[in-house]
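So you can see what is in the structure, the chains are spelled out below.
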Amino acid sequence: MPRIEASVGNEATNRDDDVRIVQQLLNRQDLAPLAKLKEDGRSGPATVEAIRHFQSRCVGMSSPDGRVDPDGRTFRRLAGGSGERGTGQSPETRRADRIARAERVDPRVKENGLTTAIIDRLVPHLAGCRARIISGYLSDTDLFWKLNYHWEYLLQMVDHSLNLPVDDRFAKELQTLASGLRACAPTPASGYTSGALGKPEDRSTLDEVKQRHRSVSSAKASFKRVIVAGDLKAKSRKAAHAFDLACAPVAFPGTSKHGSGYALDIEGDNSSIKSICNSHGATLVFDEQSHVHVEFRNGVA
Ligand SMILES: [Zn+2]
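Asks: Which parts of the structure should I look at to understand the overall build of the chain?
Replies: Along the backbone of the chain there are eleven helices and six strands. With respect to the principal axes defined by its C-alpha atoms, the chain has extents near 70 × 45 × 30 Å. The proportion of buried residues among the 301 residues of the chain is 34%. Sequence-distant contacts in the chain: of pairs separated by 6 or more residues, those separated by 24 or more amount to 65%.

Asks: I tried to follow the confidence of the model for the chain on my own but got confused; where do I start?
Replies: Any segment with low pLDDT has predicted coordinates that should not be analysed in fine detail. On average, the chain scores 90 in pLDDT, and the residues at 70 or more come to 96%. Note on residues 82-87: pLDDT is under 50 here. Beyond four places in sequence and across chains, it has six contacts.

Asks: What am I meant to see in the environment of Ser217 here?
Replies: By the element assignment, Ser217 lies in helix 8 (residues 206-229). Owing to 15 C-beta atoms within 10 Å, Ser217 belongs among the partly exposed residues under this scheme. Put simply, Ser217 and Ile266 are 49 residues apart on the chain and 22 Å apart in space, counted from C-alpha to C-alpha.

Asks: Explanation requested: the nonpolar core in the structure shown.
Replies: In a soluble, globular protein the nonpolar side chains are often hidden away together inside. Counting residues in hydrophobic clusters, the biggest one holds 22 residues, and the most contacted among them are Ile118, Ile119, Ile133, Leu264, Ile266, Ile273 and Val294. Secondary-structure elements contributing two or more residues to this core are helix 5 (113-122), strand 3 (131-135), strand 4 (263-268), helix 11 (270-278) and strand 6 (292-295). The element best represented in this core is helix 5, accounting for five residues. The contacts of Ile273, once residues within four sequence positions are left out, are Cys129, Ala131, Ile266, Gly268 and Val292.

Asks: In this structure, what is going on with the domain arrangement of the chain? I would like to understand it.
Replies: Interface size is often expressed as the accessible area that is lost when the parts come together. Considered domain by domain, the chain is made up of domain 1 (8-130) and domain 2 (144-156 + 163-236). Taking the mean C-alpha position of each, domain 1 and domain 2 sit 36 Å from one another.

Asks: Would you mind showing me how to read the sheet that holds strand 4 here?
Replies: Sheet strands pair via backbone hydrogen bonds, and the direction of the pair is either parallel or antiparallel. In space, the four strands of this open sheet follow the order 3-4-6-5, with antiparallel pairing throughout. Since the sheet does not close on itself, it has two edges, and those belong to strand 3 and strand 5 (284-287), each with one partner. Strand-to-strand twist of the sheet, defined as the mean angle between neighbouring strand axes without regard to direction, takes the value 30°. Pairing between strand 3 and strand 4: four bridges, direction antiparallel. Following the sheet pairing, Arg132 is matched in strand 4 by Glu267. Along the sheet face, helix 11 touches strand 3, strand 4, strand 5 and strand 6 and points at about 175° away from the line of strand 5.

Asks: I tried to follow unusual backbone geometry on my own but got confused; where do I start?
Replies: Note: most peptide bonds trans; most residues except glycine with negative phi. Here the bond from Thr187 into Pro188 is cis, since omega is 0°, no more than 30 degrees from zero. Along the chain, Pro188 turns up in the loop between helix 7 (168-182) and helix 8. Although it is not a glycine, Glu11 sits at a positive phi angle of roughly 50°. Take Glu11: it is sitting in the loop between strand 1 (8-9) and helix 1 (16-27). One non-glycine residue, Gln289, lies in positive phi territory at about 65°. Here Gln289 shows up in the loop between strand 5 and strand 6. Residue Gln289 is classed as partly exposed on the basis of its 14 C-beta neighbours within 10 Å.

Asks: When you look at the pairing of strand 6 in this model, what are you seeing that I'm missing?
Replies: One face of the sheet, then the other: side chains in a regular strand alternate in exactly this way. One ladder, built from four bridges, connects strand 4 with strand 6; its direction is antiparallel. When the sheet's bridge partners are listed, Leu264 is paired in strand 6 with Val294. Of the pairings in the sheet, the one linking strand 5 to strand 6 comprises four bridges and is antiparallel in character. Bridge assignment links Val285 to a residue of strand 6, and that residue is Val294. The antiparallel hairpin formed by strand 5 and strand 6 contains four residues in its connecting segment, where Gln289 sits at a positive phi of about 65°.

Asks: I would appreciate a short explanation of the environment of Asp65 in the present structure.
Replies: Tracing the chain through its elements places Asp65 in the loop between helix 2 (45-59) and strand 2 (67-68). For Asp65 and Leu264, which are 199 residues apart along the polypeptide, the C-alpha to C-alpha distance reads 16 Å.

Asks: Which parts of the structure should I look at to understand helix 2?
Replies: Every α-helix winds through 3.6 residues per turn, so residues three or four apart in the chain are directed the same way. Relative to the 21 Å expected for 15 residues at 1.5 Å per residue, helix 2 spans 20 Å between its end C-alpha atoms, a close match to the ideal helical length. Residues of helix 2 that are buried sit in contact with strand 1, helix 1, strand 2 and helix 3 (73-78).

Asks: Explanation requested: the packing of helix 8 against helix 10 (residues 240-247) in the structure shown.
Replies: How two helices pack is summed up by the angle between their axes together with the distance between the axes. One way to put it is that helix 8 packs onto helix 10 with a least axis distance of 8 Å and a crossing angle of 150°. One element, helix 8, and the other, helix 10, form an angle in the roughly antiparallel class. When helix 8 is examined against helix 10, the residues Lys220, Phe223, Lys224 and Ile227 are found in contact with a partner set consisting of Phe243, Ala246 and Cys247. Across the contact of helix 8 with helix 10, the residue classes break down as five nonpolar, no polar and two charged.

Procedures and definitions
- Residues numbered from 1 in each chain as written.
- Predicted model: local features only at pLDDT ≥ 70, side-chain atom pairs only at ≥ 80, totals over all residues.
- Helix = DSSP H or I, 4+ residues; strand = E, 2+ residues; numbered from the N terminus.
- Buried ≥ 20, exposed ≤ 12 C-beta atoms within 10 Å, placed from the backbone.
- Contact = placed C-beta atoms within 7 Å.
- pLDDT = per-residue confidence, 0-100.
- Core = buried A, V, L, I, M, F, W, Y, C linked by C-beta atoms within 7 Å.
- Domains from an automatic or database assignment.
- Pairing = 2+ DSSP bridges.
- Axes fitted to C-alpha atoms, helices over the stretch in contact; angles between N-to-C directions.
- Expected span 1.5 Å × (residues − 1).
- Parallel < 35°, antiparallel > 145°, perpendicular 65-115°, else oblique.
- Nonpolar A, V, L, I, M, F, W, Y, C, P; charged D, E, K, R; others polar.

So, in structure tokens, the structure goes:
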């Protein structure tokens, strides 16, 4: 079976030899309507597009990331394997695993090779527990976008709270929060909570992003206090979860472990999720109220 040393494609290491192997393997596939790739060992847009095409058509990934990792599903499938783990399994078992996976994993979750391996092994352990994986691998670009998602969502919840019957002093605090957030808006200033992952693209400078991260983090802490002091959850018709999500911490882009591929966000029955992850090798389990953030630095035991 062919091997690659490092990742190939979108946001990957792209060693010449590895790229050439992936190009050769892709050219053995029927990639119509795409043209055959030049086997030149250089990963450009055509190679990434062919990888995405293969991932969505042959690997069954709903959000193909255009990247091939040495130990990932895409490479196993490209190199002639079934792409599934556990070769001794019957087709029925594999089919059942696929259905279980589809039920447990939000279609917007992005994966790299590490994420795929962790999800494949974790999903069977989640059986019988209310749990859904809502976030996995995020590229740096996604992480910048995620800050804007939090910015916009928080602002929406603060605006929503201003329409609730709250005491004047809380209304004043909420107004201050809203105007503070509006003062550090991304460009464009809306569409992040309604769009797909990564859309729209923000044109802010790095300094503006840093400023926004500081403002969002402190606004989240203040909002959390007002929610309790002003009894906002009881006054709103929104689920308590909607308020918790607004207060959930957001890491500065580049510092989140989601960028490495071994972190997952799982929503559902938090206490069951925590104990399942703890007993299967999680290296960090953190209850963020709206979901549980878990890290499997050493894989799933
Ligand atoms: Zn997380």
